[in-house]
Amino acid sequence: IILLHRPPVLLEPVGQVPVSVPQQLRFVWQPQHAGIAAEYTLELYENQLTGFGYDATLNASAPVFSTRTFSPFYLYGPADPALNPGQEYLVRIRAEDPTGRSAFINGGWSEVYAFTLENAVECLPPDNLNWTVNGPQSALLTWTPAPGARKQWISRDSVAVFTGGRNSLAIGVE
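Fair warning: this is a prediction, and the values are worked out from it, not measured in the lab. Per chain, residue numbering runs from 1 following the sequence as it is written. Note on the predicted model: pLDDT of at least 70 is required for a residue's local features to be given, and 80 or more for side-chain atom pairs to be given and counted; whole-chain, interface and lining totals, by contrast, use all residues. Hydrogen atoms and water are omitted, and side-chain values are computed over all heavy atoms in the structure.

A few words on the nonpolar core. Ranked by size, the top nonpolar core spans 22 residues in total, and within it F27, L44, Y76, V91 and F115 carry the most contacts. Helix and strand assignments come from DSSP, with helices taken as H or I runs of at least 4 residues and strands as E runs of at least 2, each series counted from the N terminus. Elements represented by at least two residues in this core include exactly strand 3 (25–32), strand 4 (39–46), strand 6 (73–76), strand 7 (88–96) and strand 9 (113–117). A total of 4 residues in this core trace back to one element, the largest contributor, which is strand 7. In this structure, Y76 is in contact with Q23, Q24, L25, F27, L44, F65, P81 and L83, ignoring residues within four places of it in sequence. To qualify as a nonpolar core, a set must consist of buried Ala, Val, Leu, Ile, Met, Phe, Trp, Tyr and Cys residues joined through side-chain atoms within 4.5 Å. Relative accessibility thresholds used throughout: buried, under 20% of the residue-type maximum; exposed, over 50%; partly exposed, between the two (1.4 Å probe, protein chains only). Any two residues having at least one pair of non-hydrogen atoms within 4.5 Å are treated as being in contact.

Below, the structure written as structure tokens:
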């Protein structure tokens, strides 16, 4: 009896993906096989042929990134090639049995999945920033969020000390 295993299924990223600084993107897939310590190949392509099938991109270009791993995930980080906001990317994963004893449907290649990095959003300062000193070691900051702001944060020496959706903050210094 010959058992053909199914290729993996990508869980993330898909659709619109927010840009992060520093670059950090999780690739997570679900193995569709059992009883094999599979090795995976992750390939990432820039889709420069919009309007054509994904196979046209895979056949016409080399991957911008490729790696092999035994884990069903990969953390794409600052050491990997920089990804461009607004660009559509194609991903495929291949599962292989390193012993060569098991076979996979489609040579182990998954479907081709697409995601687009959202365009970077300009970080705007808040309007009407005010502060009231309440004592030698405390103050109250108030502000009006910038129009269209989805997130707010305050940082000190490039370290976030507050994140959230409120528009006031009491600060105490020790």
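From this point, things continue past the structure.
Turning next to the side chain of H5. With respect to the secondary-structure elements, H5 resides in strand 1 (residues 4–12). The buried category is assigned to H5, whose relative accessible area is 9%. Leaving out residues up to four positions away in the same chain, H5 has contacts with H33, A34, I36, S102, A103, F104 and I105.

It is worth spelling out the confidence of the model for the chain at this point. The predictor reports its confidence for every residue as pLDDT, a score running from 0 up to 100. Mean pLDDT over the chain stands at 84; residues scoring 70 or higher make up 80%. Per-element mean pLDDT across the chain ranges from 48 in strand 13 (residues 159–164) up to 98 in strand 5 (residues 65–69).

Let us look at the sheet that holds strand 7. Read across the open sheet, the 5 strands follow the order 2-9-7-4-5; overall the sheet is mixed. Each edge of the open sheet carries a strand with a single partner, namely strand 2 (15–17) and strand 5. Between one strand and the next, the sheet's axes are offset by a mean angle of 25°, whatever the strand orientation. At least two bridges found by DSSP between two strands are what make those strands a pair. Examined bridge by bridge, strand 2 and strand 9 share 3 bridges and lie parallel to one another. Looking at the pairing, V17 lines up with L117 of strand 9. Here, axes are lines fitted to C-alpha atoms. For helices the fit covers the stretch in contact, and angles between N-to-C directions go from 0 to 180 degrees.

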